[in-house]
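Working through the structure, step by step
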Amino acid sequence: MMIKMDSRNLLYEGKAKSVFQGESPNEVIIGFRDDMTAGDGARKETMGQKGYINSIICAKIFETLEDAGVKTQLIELCEPCVMKAKKLDMIPIEVIVRNIATGSIIRKFPFEDKAPFNPPLIQMDFKDDQFHDPMLNDAIAIALGIATKEDLDKLRELALEVNEVMTKMFKDIGIILVDFKIEFGKDSEGNIILGDEISPDSCRLWDAETLDILDKELFRQGKDDEVINAYEEVFNRLLSEEDRVKWNL
Ligand code: CDP
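Please read these numbers as outputs of a predicted model, since none were measured by experiment.

Conventions used here
- Residues numbered from 1 in each chain as written.
- Predicted model: local features only at pLDDT ≥ 70, side-chain atom pairs only at ≥ 80, totals over all residues.
- Heavy atoms only, no water.
- Helix = DSSP H or I, 4+ residues; strand = E, 2+ residues; numbered from the N terminus.
- Rg over C-alpha atoms; globule rule 2.2 N^0.38 Å.
- Buried < 20%, exposed > 50% of the residue type's maximum accessible area, 1.4 Å probe, protein only.
- Contact = heavy atoms within 4.5 Å.
- Disulfide = S-S within 2.5 Å.
- Expected span 1.5 Å × (residues − 1).
- Salt bridge = Lys/Arg side-chain N within 4 Å of Asp/Glu carboxyl O.
- Near = heavy atom within 4 Å.
- Polar contact = N/O pair within 3.5 Å; in protein donor to acceptor, adjacent residues only side chain to side chain.
- Areas by Shrake-Rupley, 256 points an atom, 1.4 Å probe, with all protein chains shown as cover.
- Pairing = 2+ DSSP bridges.
- Axes fitted to C-alpha atoms, helices over the stretch in contact; angles between N-to-C directions.

1. Some words on the overall build of the protein chain
Across its full length, the protein chain carries seven helices and 13 strands. The C-alpha atoms of the protein chain give a radius of gyration of 17 Å, which matches the 18 Å a tight globule of 249 residues would have. The principal-axis extents of the C-alpha atoms in the protein chain amount to approximately 55 × 45 × 35 Å. By residue count, 49% of the 249 residues in the protein chain fall in the buried class. Residue pairs at least 24 apart in sequence account for 56% of intrachain contacts in the protein chain once pairs closer than 6 positions are excluded.

2. Describing the state of the cysteines
Under the defined criterion, the tally for this structure stands at zero disulfides. No disulfide involves Cys 58; its sulfur sits 9.4 Å from that of Cys 203, the nearest cysteine. Exposure remark for Cys 58: the relative accessible area of 0% places this residue in the buried category. Summary of cysteine pairing: Cys 78 is not part of a disulfide, and the nearest cysteine sulfur, belonging to Cys 81, is at 12 Å. Using a relative accessible area of 23% as the deciding quantity, one classes Cys 78 as partly exposed.

3. Some details on helix α1 (residues 50-67)
Between its terminal C-alpha atoms α1 stretches 26 Å, which fits the 26 Å expected from 18 residues at 1.5 Å a residue. Here α1 lies mainly inside the structure; 13 of its 18 residues are buried.

4. Quick notes on the pattern of salt bridges
Tallied over the entire structure, the rule returns 29 salt bridges. Here Arg 237 ties to Asp 207 by a salt bridge, and the two come within 2.6 Å at their closest N and O atoms. Taken together, the positions of Arg 237 in helix α6 (residues 224-238) and Asp 207 in strand β13 (residues 203-207) put the pair 30 residues apart, joining distant regions of the chain. One continuous salt-bridge network, built from bridges that share partners, spans Lys 17, Glu 94, Lys 127, Lys 181, Glu 183, Asp 196 and Glu 197.

5. Observations concerning the site of the ligand
Taken together, 16 residues are adjacent to the ligand, and Arg 98, Ser 104, Asp 179, Arg 204 and Arg 220 come closest. At 3.1 Å, a side-chain N or O of Arg 107 approaches an oxygen atom of the ligand. When the ligand sits alone it has 520 Å² of accessible area, and the protein chains cover 81% of it. Elements represented by at least two residues in the shell around the ligand include exactly β9 (93-100), α2 (104-108), β11 (175-186) and β13.

6. A few points about the environment of Phe 32
With respect to the secondary-structure elements, Phe 32 resides in strand β3 (residues 27-32). Judged by relative accessible area, Phe 32 falls into the buried class, the value being 6%. For the pair Phe 32 and Gln 49, spaced 17 residues apart in sequence, the C-alpha separation works out to 10.0 Å. Excluding anything up to four places from it in sequence, Phe 32 contacts Ala 16, Lys 17, Gly 51, Asn 54, Ser 55, Cys 58, Cys 81, Met 83 and Glu 197.

7. Here we look at the sheet that holds β3
Across the sheet, which stays open at both edges, the five strands sit in the order β1-β2-β3-β7-β6 with antiparallel pairing between neighbours. Every other strand in the sheet has two partners, leaving β1 (10-13) and β6 (74-79) as the edge strands with one partner each. Each strand axis lies, on average, 25° off the axis of its neighbour in the sheet, ignoring direction. Relative to strand β2 (residues 17-21), β1 runs antiparallel, the two being bridged by three bridges. Its bridge partner being in β2, Leu 10 is matched across the sheet by Phe 20. In the packing of α1 onto the sheet, the strands contacted are β3, β6 and β7 (82-86), and the crossing angle to β6 comes to about 145°.

Written out as structure tokens, the structure reads:
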């Protein structure tokens, strides 16, 4: 197939992905890049193979979610780094699901480090680098006009479903899903659909036995040389022989 990932078709360029107009009006092509940023983009590095690894991990997770009945924007992974997806009108909310307390939540509130959340804690942040992604509540989101009460309830319901499927998926390969961030958008019919990506860039993943970190936290800690190995470890555990054949890996 013809993949038109040239600048004339560029719709949006994010910190790690570029979004291009697809062949039909309701489709986009998402290009996963090797760029990695931290601190609202303050630090930026190129990590060889990251786009390749993340695009495949993301496709695998989205497919598993679809099989469990959660709608995602994935149409197909055309080739590594290149995902054909439904065009969505993105809601500027980062929905964060936490199973274990770590990161910003223990810096902002007196939760004990590594304490489990039962039920999982859902947090919503306003996606806006200029304002440093401040934490939202329903009233603020509604007043900003970015979501209705019904939308917010739907986001929470979907986030918990995603958490349930992903927690099991990772548990089966000896990984603890500590927390993650997801984003949603509306399709042309107004349905709320999971968009953006799910990958070690947007999740905290710990080895269940050693508690070794297998995600972007390594980059935040400045351990740049360990990042790709950790992502590769997740990739290798997640992919079956069948997946490798399907994607010609
Ligand atoms: O500790 P930090 O400020 O990085 O973030 P956090 O609020 O503790 O992050 C919770 C989860 O959401 C982690 O899995 C992050 O990787 C993810 N996240 C993200 O993917 N993008 C953001 N802009 C913020 C958080």
